[in-house]
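Descriptive analysis of the structure
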Amino acid sequence: MSAVSRSFSVLMDGQTTLIGMGKRTLFRLATATVATGAAALAYASLVERNMFTLRRFDVPVLATGTEPLRVLHLSDLHMTPNQLRKQRWVASLAALDPDLVVVTGDNMAHPGAVPGVLRALQPLLDYPGAFVFGSNDYTGPVWKNPFTYFLPDREYTEGVELPYEELRDVFTGAGWTDLNNRRVTVKAGGRAIDMAGVDDPHVERDDYSSVSGPVDTAAGLAIALTHSPEPALLDEMAADGFGLLLAGHTHGGQVCVPGVGALVTNCGLPRSMAKGLHRWPGSDSWLHVSAGLGTHPTAPVRFACPPEASLLTLIPR
């Protein structure tokens, strides 16, 4: 064989080796990617989804010299009958001895969910409470492509009707105040609280005009509730003087990117306000958005956004 032929043969063998190495590298990379994705999915569905967390915030909304008031904010339980771990954890929150319990909707995710919701909330029904409903208190979940949450005008699809009137009767029978398009003075922690709420704006059940108006300054504290934190509604509530606005619905983004946060809020709220305590822009009001305690049953995962309840200690400004 000539020197040229031998050189060509060496080059061909080298190219074949490089091609073989390239294929092996791609295969290993693909395998590692699949394994990492599977591990992340397993963590999100089996671990973090059940990492129930209590968050605590001090909220300066009271007059000078006023004693603090402790508000337990719960939202988005999305309860199914056999979620016993969640039920036990929520029930244990009664040990916090709150002055007021507030629930901002989406309690159910199954036609047989009322007994499970009751097991979770029964110890808390002994405390003053108020609630509004979310869309998933009225109708059950249906499967949907999770990427549709990035579409601002996606069509809302209803599932099977849920026993919301039975749930309402449980709450009101225990003395909790129904604030679905209602305004009531609630007594808690030894004081009167001007409270207003709306039914879920996400499915256009809200009617704030029926409860709007300046807050009762004699009450000393005014709290407004909604399931979905729609900015136009929050603007109206803040303009009326409600010092604390409480909402849920967003799940905090549910699947977040570390260092980036929520990718979507499923409403008009900015991603930066998907959960937690924020000063509402252009007002003296504070907004607290709960990341909630559950998930949509067809997407039972949470990542970088554990399920939560919040204890809000209201303090003087």
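A few points on the structure.

Rules behind the numbers
- Residues numbered from 1 in each chain as written.
- Predicted model: local features only at pLDDT ≥ 70, side-chain atom pairs only at ≥ 80, totals over all residues.
- Heavy atoms only, no water.
- Phe/Tyr/Trp six-rings, centres within 6.5 Å; stacked < 30°, edge-to-face > 60°.
- Buried < 20%, exposed > 50% of the residue type's maximum accessible area, 1.4 Å probe, protein only.
- Lys NZ or Arg CZ within 6 Å of the ring centre and 35° of its normal.
- Helix = DSSP H or I, 4+ residues; strand = E, 2+ residues; numbered from the N terminus.
- Pairing = 2+ DSSP bridges.
- Core = buried A, V, L, I, M, F, W, Y, C linked by side-chain atoms within 4.5 Å.
- Contact = heavy atoms within 4.5 Å.

In the structure shown here, the tally under the stated rule is six aromatic pairs. On the numbers, 5.4 Å between centres and 40° between planes, the contact of Phe131 with Phe133 is tilted. By the burial criterion, Phe131 is buried, and Phe133 matches it. With a centroid separation of 5.7 Å and an interplanar angle of 85°, the aromatic rings of Phe133 and Tyr138 are classed as edge-to-face. For the pair formed by Phe133 and Tyr138, the shared burial category is buried. The ring centre of Tyr138 lies 3.6 Å from the NZ or CZ of Arg205, which sits over that ring.

All right, on to the pairing of strand S8 (residues 222-225) then. Both faces of S8 are covered, namely the face carrying Ala222 and Ala224 and the face carrying Ile223 and Leu225. Relative to S8, strand S7 (residues 191-197) runs parallel, the two being bridged by four bridges. Bridging from a neighbouring strand, Gly197 pairs with Leu225 of S8. As paired elements, S8 and strand S9 (residues 244-247) share three bridges and run parallel to each other. Bridge assignment links Ile223 to a residue of S9, and that residue is Leu244.

By size, the foremost hydrophobic cluster in this structure holds 32 residues, and its most contacted members are Leu74, Leu124 and Trp176. If you list the elements that add at least two residues to this core, you get strand S2 (69-74), helix H2 (84-92), strand S3 (100-103), helix H3 (114-121), helix H5 (164-173) and strand S14 (308-316). It is H3 that contributes the most residues to this core, four residues altogether. When neighbours within four sequence positions are excluded, Trp176 is seen to be in contact with Val101, Val103, Leu121, Leu124, Leu125, Tyr127, Pro128, Gly129, Ala130, Phe131 and Phe171. Judged by nonpolar contacts, the second largest core, of 24 residues, contains Phe57, Val59, Leu100 and Leu221.

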